[in-house]
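One letter stands for each residue in the lines below.
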Amino acid sequence: MTSRLPLIDALKAVALQLIVLHHLAFYGPMSDHAYLLIPDPLSWLSQHARAVVQVFLVIGGFLAARSLAPAGRLVSLQPLRLLVKRYLKLAVPYIAALLVGIVCAAIARALMSHDSIPQPPTLPQFLAHALLLQGVLGYDGLSAGVWYVAIDFQLFALLLATLWLARGIGGGMGRGIAAAAVVGVLLVATLALSSLYHFNRDAAWDNWALYFFGSYGLGALACWAANAKYAARWLSLIALAVTMALLLDYRSRIAVALVVALALGLASRHGFLARWPKSSLLAYLGQISYSVFLIHFPVCLIINALVTRVALADPWLNLAGIVLAWVVSLLAGGLFYSVVERPAQQGFRGLRAARGLI
C-alpha cells in the first residue's frame, strides 16, 4: 500500500476546495445571482483562485522526482513502461468521468440554456480527450479543468525523457551514477529556467508542457535540493533564480509555485513532510482529490440547472445552491474514488504483480 505524505495531502485538500469554488464562481448562473450578496469573495474566487493549480503542478514535479529519480538519476531501465503506467493511472478514471460529464451535460442542456454547458462531443473530439491530446489538437474541453490532466501527462513524459537522456549522457561520460545524477539535475534545471524566463511568458505555449515546466521543475528541484548536502544553499539558489524571473516579468502563479516548492523542500529536509499535519479529514480529502477534481464539474452543472429551474434569480437560493454543489462535489468525489479510481489502481497493481505489464 502506498504511504501517504500528510503535508502533501493537506496542500492538495485545501487547493482542491479553491479549485471547486473557483469553477462554481466562474461557471454557471448560480454565481451570477449570488454575486449580489457576496461580490468580493465571488470575484476573488473567479479571478484569482485558479492560481492554486500551481500547488498541483509543484507537487506533481516533487512526487515524480521522488519516485523516478530520488537522487537525480533515473532508477528505472524501462521508461516506456513507466509512461504507460502513468497514462493508465490518469486516463482510466478520467475517461469514466468524461462519460459521466457527457451525460450530465445533456441533462443540464435539457433543463437550462447557458454557455457554460459543453456541447455534445464529436467522436474525434472524444478520442482526442481520451488520448490526452485535446489541447494540442485544438478541441474544446468536455469538462472544466480537463486540460490539466493532459498537461500532467505531458509534464511527466518530459521529465521522464529528460532523465532518460541524462542517464545515457552520464553513462557515455564513463562516470556512471554520479554523472547521470548531475546531468539529470542540470537538464531539468535548464528546462525549468527556460520555461520561467521564456515559455511561461508566452500564452501561445499554454497547451504544451514547456509552458508549465517552470512550476513542475521547481517541485523536482526542491525534492533534490532537500536531499543534498547543503540543502539551504540549493533552496536559496532556486529562490534567487525564480525571484529574478519574477523581477523580469511578475506572475502571481509563479510566486505561488515558488512558495510551495520551498515549503516542500524545507518540510522534506526537516522531516515534516511525513509527520504533519495529523488530520484524518485532510488526509482523506487529499487522497480523493483527483476523483473530486474529475467529477465536480458535472455535479456542479446538474445543481446549477436544478437551481435555475427552482430558484430562478433568487440570490439566497442560488448562494445555497453554490454551497450545496460544493458539498455534493466532495461526496460524489468520494464515491467516484471508491467505485472507479481505487479499484482501477488496485487492478493495475495486481496486473503488474501477476504479469509485469505495467
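See above for the structure.
None of the values given here were measured: they were computed from a predicted structure.

Participant: Teacher, can you tell me more about the overall build of the protein chain here?
Facilitator: Summing up its helical and strand segments, the protein chain has 14 helices and zero strands in all. Along its sequence from the N terminus, the protein chain presents helices and strands in the succession α-α-α-α-α-α-α-α-α-α-α-α-α-α. For 358 residues, the compact-globule estimate of 2.2 N^0.38 gives 21 Å, and the C-alpha radius of gyration of the protein chain, at 21 Å, lies within 12% of that figure. Buried positions account for 49% of the 358 residues belonging to the protein chain.

Participant: Teacher, can you tell me more about empty space enclosed by the protein here?
Facilitator: In this approach, a probe sized like a water molecule rolls over the atoms, and the result shows the empty space that is left. Evaluated as defined, the whole model comprises two cavities of 30 Å³ or more. Computed from the structure, the largest cavity encloses a volume of approximately 40 Å³. Forming the walls of the largest cavity are Gly-101, Ile-102, Ala-105, Arg-109, Pro-118, Gln-119, Pro-120, Pro-121 and Leu-142. Per-class residue counts for the lining of the largest cavity are six nonpolar, two polar and one charged. Its boundaries defined by the atoms lining it, the second largest cavity holds a volume of some 30 Å³. As for the second largest cavity, its lining consists of His-23, Leu-24, Tyr-27, Gly-28, Phe-297, Cys-300, Leu-301 and Asn-304. Listed by contribution, the elements that provide at least two residues to the lining of the second largest cavity are α1 (6-26) and α13 (289-311). Among the elements that line the lining of the second largest cavity, the one with the most residues is α13, at four residues. Partitioned by chemical class, the residues of the lining of the second largest cavity number five nonpolar, three polar and no charged.

Participant: Explanation requested: the packing of aromatic side chains in the structure shown.
Facilitator: In this description, an aromatic ring pair is defined by two values, namely the gap between the centres and the angle between the planes. According to the stated counting rule, one finds ten aromatic pairs in the structure shown. Ring plane angle 25° and centroid distance 5.5 Å describe the contact between Trp-147 and Phe-212, whose orientation is recorded as stacked. Of the two residues, Trp-147 sits in helix α7 (residues 146-172) while Phe-212 sits in helix α9 (residues 209-226), which places them 65 residues apart along the sequence. Look at Tyr-211 and Phe-212: their rings are 4.9 Å apart centre to centre, the planes differ by 75°, and that puts the pair in the edge-to-face class. As far as burial versus exposure is concerned, Tyr-211 and Phe-212 are alike and both buried. Put simply, the rings of Phe-56, Trp-147, Tyr-148, Tyr-211, Phe-212 and Phe-293 pair up and form one aromatic cluster. If you follow Arg-50 out to its NZ or CZ, it ends over the ring of Phe-26, 5.3 Å from the centre. The lysine or arginine in question, Arg-86, covers the ring of Phe-156, its NZ or CZ lying 5.4 Å from the ring centre.

Participant: I tried to follow the packing of helix α10 (residues 231-248) against helix α11 (residues 252-270) on my own but got confused; where do I start?
Facilitator: The geometry of a pair of packed helices is captured by two quantities: the angle between their axes and the separation between those axes. As a packed pair, α10 and α11 sit with axes 10 Å apart at the nearest point and diverge in direction by 180°. In terms of their interaxial angle, α10 and α11 are classed as roughly antiparallel. Of the residues in α11, those touching α10 at Ala-231, Leu-235, Ile-238, Ala-239, Val-242, Thr-243 and Leu-246 are Ile-254, Ala-255, Leu-258, Leu-262, Gly-265, Leu-266 and Arg-269.

Participant: Looking at this structure, I do not really get the environment of Arg-81. What am I missing?
Facilitator: Summarising the element assignment, Arg-81 is placed in helix α5 (residues 79-111). Residues Arg-81 and Phe-153 lie 72 residues apart in sequence; the distance between their C-alpha atoms is 14 Å.

Participant: For this particular structure, what's the right way to read the environment of Phe-297?
Facilitator: Here Phe-297 is to be found in helix α13. Here the alpha-carbon distance between Phe-297 and His-23, two residues 274 residues apart in the chain, equals 7.5 Å. Setting aside residues up to four positions removed in sequence, Phe-297 forms contacts with Tyr-27, Ser-116, Pro-118, Ser-143 and Ala-144.

What counts as what
- Residues numbered from 1 in each chain as written.
- Predicted model: local features only at pLDDT ≥ 70, side-chain atom pairs only at ≥ 80, totals over all residues.
- Heavy atoms only, no water.
- Helix = DSSP H or I, 4+ residues; strand = E, 2+ residues; numbered from the N terminus.
- Rg over C-alpha atoms; globule rule 2.2 N^0.38 Å.
- Buried < 20%, exposed > 50% of the residue type's maximum accessible area, 1.4 Å probe, protein only.
- 1 Å grid on protein atoms, 1.4 Å probe; cavity = no way out; pocket = protein on both sides within 12 Å on 5 of 7 lines; lining within 4 Å.
- Points joined across faces, edges and corners; volume = space filled by probe spheres on them.
- Nonpolar A, V, L, I, M, F, W, Y, C, P; charged D, E, K, R; others polar.
- Phe/Tyr/Trp six-rings, centres within 6.5 Å; stacked < 30°, edge-to-face > 60°.
- Lys NZ or Arg CZ within 6 Å of the ring centre and 35° of its normal.
- Axes fitted to C-alpha atoms, helices over the stretch in contact; angles between N-to-C directions.
- Parallel < 35°, antiparallel > 145°, perpendicular 65-115°, else oblique.
- Contact = heavy atoms within 4.5 Å.

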